[in-house]
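Below are the chains, spelled out letter by letter.
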Amino acid sequence: MIRPPRGKPSSSLANEGEPSGLLIATDIRSGQSGAAGRTAGAATCWIVQLAGISAHDQVIEIGPGTGALTDHLLEAACSLTAVEIDARSVKYLTRLYPTELETGQLLLLREDVLSLDWSALLDRLDRRKAPNGAEPETRPKLVANLPYNIATRLLISTTRFANRFHSLTVMT
């Protein structure tokens, strides 16, 4: 069953049911894809199914933006680490997922993924326990709707850590 992500509109966020006082408009020049709406809901649900995400998984999401993919990842009850550079998106996600942040299901990092210390992050995840009591996979799955302007550089930068990932499932 495909569930649309928490009522997110296609161009900006500030509608009924959303955290008040926030407006997130995607910035195409910076490579933000702005995945939202019914089509994005189907695509993000599909990528989570393709990656085989379960409650036992540790997942790294790159560029969660407005949470279109994040919704489906959290529904799978995995332990999620989301890396987002945009301060507006981090603020929005913090208000959208307070329970997941409080329980530890979601770890939200405001960082530039192109300068991320992958070794330190992967070491940190090696020590992380699943908040739902499930024994996590030892190697995380990277799942992302990558901004098109960083996709190649990001994939190249993660190749030196390929043996530390269970899998990489990406769309651009």
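Structure's up top.
Residues numbered from 1 in each chain as written. Predicted model: local features only at pLDDT ≥ 70, side-chain atom pairs only at ≥ 80, totals over all residues. Heavy atoms only, no water.

> I tried to follow the environment of serine 54 on my own but got confused; where do I start?
Positionally, serine 54 belongs in the loop between helix H1 (37-51) and strand S3 (58-62). Linking serine 54 and leucine 73, residues 19 residues apart in sequence, is a C-alpha distance of 8.8 Å. The residues touching serine 54, leaving out its near neighbours within four places in the chain, are Ala76 and Cys78. (Helix = DSSP H or I, 4+ residues; strand = E, 2+ residues; numbered from the N terminus. Contact = heavy atoms within 4.5 Å.)

> So what exactly am I meant to see when it comes to the side chain of threonine 70 here?
Examined against the element boundaries, threonine 70 turns out to sit in helix H2 (residues 68-75). On the basis of relative accessible area, threonine 70 is assigned to the buried category, the value being 1%. Here the side chain of threonine 70 touches glutamate 61 through a polar contact of 2.7 Å, side chain to side chain. (Buried < 20%, exposed > 50% of the residue type's maximum accessible area, 1.4 Å probe, protein only. Polar contact = N/O pair within 3.5 Å; in protein donor to acceptor, adjacent residues only side chain to side chain.)

> Please explain the pairing of strand S5 (residues 106-110) as it appears in this structure.
Looking down a regular strand, the side chains alternate between one sheet face and the other. The buried count for S5 comes to four of five residues, which makes it a mostly enclosed element. In this sheet, S5 lies alongside strand S4 (residues 79-84) in parallel orientation, the contact comprising five bridges. Across the sheet, valine 83 pairs through a bridge with leucine 109, a residue of S5. (Pairing = 2+ DSSP bridges.)

> I would appreciate a short explanation of the pattern of salt bridges in the present structure.
Close approach of charged atoms lets side chains of opposite charge pair. One pass over the full model with this rule turns up four salt bridges. In this structure, aspartate 57 engages lysine 141 in a salt bridge whose closest nitrogen and oxygen atoms are separated by 3.2 Å. Here the residue aspartate 57 occupies a position in the loop between H1 and S3, and lysine 141 occupies one in strand S6 (residues 141-145), the gap between them amounting to 84 residues. Accessibility assignment for this pair places aspartate 57 and lysine 141 in one class, buried. (Salt bridge = Lys/Arg side-chain N within 4 Å of Asp/Glu carboxyl O.)

> Can you help me understand the sheet that holds S3 in this one?
Backbone-to-backbone hydrogen bonds join strands into a sheet, with any given pair of strands oriented parallel or antiparallel. The parallel open sheet is built from five strands, whose spatial order is S5-S4-S3-S6-S7. The sheet terminates laterally at S5 and strand S7 (167-171), the two strands that pair on one side only. When strand polarity is set aside, the average angle formed by the axes of neighbouring strands in this sheet is 15°. For S3 and S4, the ladder comprises five bridges, and the chain directions are parallel. Looking at S4, one finds that valine 59 is bridged to leucine 80. (Axes fitted to C-alpha atoms, helices over the stretch in contact; angles between N-to-C directions.)

> In this structure, what is going on with the packing of aromatic side chains? I would like to understand it.
Any aromatic ring pair is given by two values, namely how distant the centres are and how the planes are angled relative to each other. For the structure on display, the rule yields one aromatic pair. Here tryptophan 118 and phenylalanine 165 contribute two aromatic rings whose centre-to-centre distance is 5.7 Å and whose plane-to-plane angle is 70°, an arrangement assigned as edge-to-face. Taken together, the residues span a long stretch of sequence, with tryptophan 118 in helix H5 (residues 118-127) and phenylalanine 165 in the loop between helix H6 (151-158) and S7 at a distance of 47 residues. Per residue, the accessibility class of tryptophan 118 equals that of phenylalanine 165, and both read buried. (Phe/Tyr/Trp six-rings, centres within 6.5 Å; stacked < 30°, edge-to-face > 60°.)

> Looking at this structure, how should I read helix H3 (residues 87-96)?
In an α-helix, one full turn covers 3.6 residues, which means residues spaced three or four apart are oriented alike. For H3, the set of buried residues is Ser89, Val90, Tyr92, Leu93 and Leu96. Buried residues along H3 cover an arc of 165° about the axis, so they all sit on one side. (Arc of directions from axis to C-beta.)

> Mind showing me how you'd approach the side chain of aspartate 86 here?
Position of aspartate 86 relative to the elements: it lies in the loop between S4 and H3. In this structure the side chain of aspartate 86 is engaged in a polar contact, spanning 2.9 Å, whose partner is the backbone nitrogen of serine 89.

> Just to check I follow, could you spell out unusual backbone geometry for this structure?
Most peptide bonds adopt trans geometry, and most residues besides glycine take a negative phi value. One non-glycine residue with positive phi stands out, namely alanine 77, at about 65°. Relative to the helices and strands, alanine 77 is located in the loop between H2 and S4. We classify alanine 77 as partly exposed; its relative accessible area is 29%.

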